[in-house]
Amino acid sequence: MLAKKLRLPVNTFPARAKILYRGRLFTLKTSPNYLSYNRIGLIITKKSASYATQRNRLRRKVFDSFGESALFSVGTGIPLRPAGSAGHMDLLVLIKPIKLDADEEEKLFRELNLIKERLINGFDKLTIK
């Protein structure tokens, strides 16, 4: 499970944040946070998962998948520094309003894993074809 201090309160995320990646299943926004660690937030709409239990299960899975990466290791997280920025970043993942059945959920996690790898390797390689 991702530590609580690494979870971003989505209501504090700036409205005009930079869109880093826009895919078929989700959008990833970033904003500098000037803390000593990266944070991640997640927004899942009712159109994606109609029941709260489904949304919470998906939220736990996404947080777990990001918690295993080096980006969100407590105290030793890799700083996400785009050009001209100092410090660490807040990431906000917005799940697109599509019905997430088992196949779509598998595609979502495959795409999230690709993005995590590219975030670790650098911002210039973030486009997926």
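Note that the structure is predicted; figures quoted are calculated from it, not measured.

(A) Seen up close, the sheet that holds strand S4 (residues 89-95). The strand order S1-S2-S4-S3 describes an open sheet built from four strands, whose pairing is mixed. Looking at strand neighbours, the two that pair on one side only are strand S1 (18-22) and strand S3 (39-43), the edges of this open sheet. The sheet shows a mean angle of 25° between the axes of neighbouring strands, taken without regard to direction. Looking at chain direction, S1 and strand S2 (residues 26-32) are connected through four bridges and run antiparallel. Bridge pairing in S2 links Tyr21 to Leu28.

(B) Geometry of helix H1 (residues 52-67). For H1, spanning 16 residues, the distance from its first C-alpha to its last is 22 Å, which sits close to the expected 22 Å at 1.5 Å a residue. Within H1, burial applies to Arg55, Leu58, Val62, Phe63, Ser65 and Phe66. All buried residues of H1 fall inside an arc of 160° around its axis, so they share one side. On its buried face, H1 sits against S3 and helix H2 (102-121).

(C) Here's a closer look at the pairing of S4. Across the seven residues of S4, six count as buried, placing the element largely inside the fold. In terms of strand pairing, S2 meets S4 through seven bridges, oriented antiparallel. Bridge assignment links Pro32 to a residue of S4, and that residue is Met89. By the bridge criterion, five bridges tie S3 to S4 in an arrangement that is parallel. Paired with Ile40 across the bridge in S4 is Leu91.

(D) Up close: H2. With 20 residues, H2 should cover 28 Å at 1.5 Å per step; its first-to-last C-alpha distance of 29 Å lies within 8% of that length. Within H2 the residues assigned to the buried category are Glu104, Glu105, Leu108, Phe109, Glu111, Leu112, Ile115, Lys116 and Leu119. Burial along H2 is one-sided: seen end-on, the buried residues are contained in an arc of 165°. The exposed residues of H2 that point more than 90 degrees off its buried face are Ala102, Asp103 and Asn121. Lining the buried residues of H2 we find S1, S2, H1 and S4.

(E) Just the nonpolar core, in detail. Core analysis: the largest hydrophobic core is formed by 25 residues, its most contacted members being Phe26, Leu28, Val93, Ile95 and Leu112. Contributions of two or more residues to this core are made by S1, S2, S3, H1, S4 and H2. Among the elements that take part in this core, H2 stands out by supplying five residues, more than any other.

(F) View of unusual backbone geometry. At Tyr34, a residue that is not glycine, the phi angle is positive and equals roughly 55°. Structurally, Tyr34 can be placed in the loop between S2 and S3. Taking the relative accessible area as the measure of exposure, Tyr34 reaches 65% and is therefore exposed.

Here is what the cut-offs are and how they apply
Along each chain, numbering runs from 1 in the same order as the chain's sequence is written. This being a predicted model, a pLDDT of at least 70 is required before a residue's local features are given, and a value of 80 or more before pairs of side-chain atoms are given or counted; all residues contribute to the totals for chains, interfaces and linings. With hydrogens and water excluded, all non-hydrogen atoms of the structure serve as input to the side-chain values. Strands are treated as partners if at least two bridges between them are detected by DSSP. Each helix is a run of DSSP H or I of at least 4 residues and each strand a run of E of at least 2, with the numbering of both proceeding from the N terminus. Fitted lines through C-alpha atoms give the axes, limited to the stretch in contact for helices. The angle between two N-to-C directions lies from 0 to 180 degrees. Given the number of residues in a helix, its expected span is that number minus one, multiplied by 1.5 Å. Any residue under 20% of the maximum accessible area for its type is buried, any over 50% is exposed, and the rest in between are partly exposed; the area is computed with a 1.4 Å probe on protein chains only. Along the arc lie the directions from the helix axis toward the C-beta atoms. Contact criterion: two residues are considered in contact whenever any of their non-hydrogen atoms come within 4.5 Å of each other. Here, the term nonpolar core denotes a set of buried Ala, Val, Leu, Ile, Met, Phe, Trp, Tyr and Cys residues that are joined through side-chain atoms within 4.5 Å.

Any functional reading would require information that these geometric values do not contain.
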